[in-house]
There are 2 protein chains.
Amino acid sequence: MSLRHALLGLLARNPASGYDLLKIFEISLANVWPATQSQLYAELGRLADAELVTVAAEGPRGRKEYAISDAGLAELHHWLTAVEPRKIVRSDMLLRVFFLGQVDSEQARAYLRRQAEISAEEHEKWEALTEFVAEGEDDLSVFGLLSLEWGLRFSAMQREWAEWAEGEIERSSGTDAPPAAR
Amino acid sequence: MSLRHALLGLLARNPASGYDLLKIFEISLANVWPATQSQLYAELGRLADAELVTVAAEGPRGRKEYAISDAGLAELHHWLTAVEPRKIVRSDMLLRVFFLGQVDSEQARAYLRRQAEISAEEHEKWEALTEFVAEGEDDLSVFGLLSLEWGLRFSAMQREWAEWAEGEIERSSGTDAPPAAR
DNA sequence: ACGGACATGTAATCGGTTACATGATTAC
DNA sequence: GTAATCATGTAACCGATTACATGTCCGT
């Protein structure tokens, strides 16, 4: 139920419409908790039913501006301080590694090289974003920068790991199956 | 559709029953692609319908031993070499970081300390598992060890990040809100 | 006048989780 | 005999994705 809390978190900063929130998801939460338009409007409806948010104002084009309620704030604080984050891993990149024995070692190494490359691109993306965000000095920047740093460290770690893993395969395939020698 | 490929990958090593596969999921794939019993039996049914696997033998207690077909092997190889892994991030741990401005800085720091602690525990778990697995010298060990190493590096990275982030909050809250001075 | 952005909603489908349900065989 | 393990299946529900559907307002 984290989408719910993401919405509460955003509404705790400013009241906003579904449309506004969608934009925020696209630009700043896309990398930690992506959500689609359908999902978002549906969840806002449920939040309003549960009285965790209220429709504070209505504008042109059927615009509904939502605001967080006291109950919503309480729920948000509870989630922030008293609910253990659950770590779901589920990486299909790592799953493939488990079955790399099914292809020849050159293909396996190519796979890991590609992953290193992808992680390097990711890293560059994070670097660009960090420079872009660093200008502002608001709340969003302070805490947003912490997750940006996570992204930087994660992509660096993954690149190094993939390069190391490629070397490991080279080592073990080099000894197990010498290239047509003898 | 990665569960499907996980099953194909396991069956490419040895024929097995749903029950056998479930045990393998619980012990060795739990950390990269967890799956439940219901999901697994349902997917095996679909794989058989699609003729990517066959029922190679039937045993006592209604046991069905599945074997991968040529079409299944082809699908597995295609997935391994030609399908780009998709990176879904979705970390509720990081999502909370975005909203840490909602609680006071001592609570925010406590949150990050707790995450550092959890990552340290994770790291120990991976270390224990590595020693345990390192004995065997089969395929599963070779490639399994690569993902174990990923787990070690990931948990180390996350611990270091959380400790750094706690320091960042201390720094910025220390300057923004001096303790009752003046 | 018209195109683009604003704005909200619904329906179908899918993958995953939890819970329920049942029964056979084996080891003690 | 009986408990543990082996073994398979179904149903309800939930969150997420994709696609469809509709309409309004604003700037040029």
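Quick notes on the rules
Residues numbered from 1 in each chain as written. Chains lettered and ligands numbered in written order. Predicted model: local features only at pLDDT ≥ 70, side-chain atom pairs only at ≥ 80, totals over all residues. Heavy atoms only, no water. UniProt positions renumbered as here; feature names shortened; annotations may be inferred. Helix = DSSP H or I, 4+ residues; strand = E, 2+ residues; numbered from the N terminus. Near = heavy atom within 4 Å. Polar contact = N/O pair within 3.5 Å; in protein donor to acceptor, adjacent residues only side chain to side chain. Nonpolar A, V, L, I, M, F, W, Y, C, P; charged D, E, K, R; others polar. Expected span 1.5 Å × (residues − 1). Buried < 20%, exposed > 50% of the residue type's maximum accessible area, 1.4 Å probe, protein only.

In the nomenclature of an unreviewed UniProt entry, chain A is known as DNA-binding transcriptional regulator, PadR family of Streptosporangium subroseum.

### Remarks on the UniProt feature "domain: Transcription regulator PadR N-terminal" (unreviewed entry) in chain A
Summarizing the sequence annotation, UniProt attributes the feature "domain: Transcription regulator PadR N-terminal" (unreviewed entry) to residues 7-77 of chain A in the numbering used throughout. The span residues 7-77 of chain A carries 56% helix and 18% strand; its end-to-end C-alpha distance comes to 13 Å.

### Re the protein's contact with DNA strand D
The full set close to DNA strand D counts 19 residues, and Ser38 and Gln39 of chain A together with Gln37, Tyr41 and Lys64 of chain B are the nearest of them. Counting only the atoms of DNA strand D within 4 Å of the protein, the fraction contributed by sugar and phosphate is 63%. Between glutamine 39 of chain A and DNA strand D, the recorded distance is 2.5 Å, taken from a side-chain N or O atom to a phosphate oxygen. Residue glutamine 37 of chain B places a side-chain N or O atom 2.7 Å away from a base oxygen belonging to DNA strand D. Elements with a contribution of two residues or more to the surface near DNA strand D: helix H3 (37-49) of chain A together with helix H2 (18-29) and helix H3 (37-49) of chain B. The element that contributes the greatest number of residues to the surface near DNA strand D is H3 of chain B, accounting for 3 residues. For the surface near DNA strand D, the residue count by class is 6 nonpolar, 8 polar and 5 charged.

### Quick word on helix H1 (residues 2-13) of chain A
Residue and element names in this part refer to chain A. Under the 1.5 Å per step criterion, the end-to-end length of H1 is 17 Å for 12 residues, consistent within 8% with the ideal 16 Å. Among the 12 residues of H1, 10 are classified as buried, and the element is accordingly described as predominantly covered. Along H1, the residues classified as buried are Ser2, Leu3, Arg4, His5, Ala6, Leu7, Leu8, Gly9, Leu10 and Leu11.

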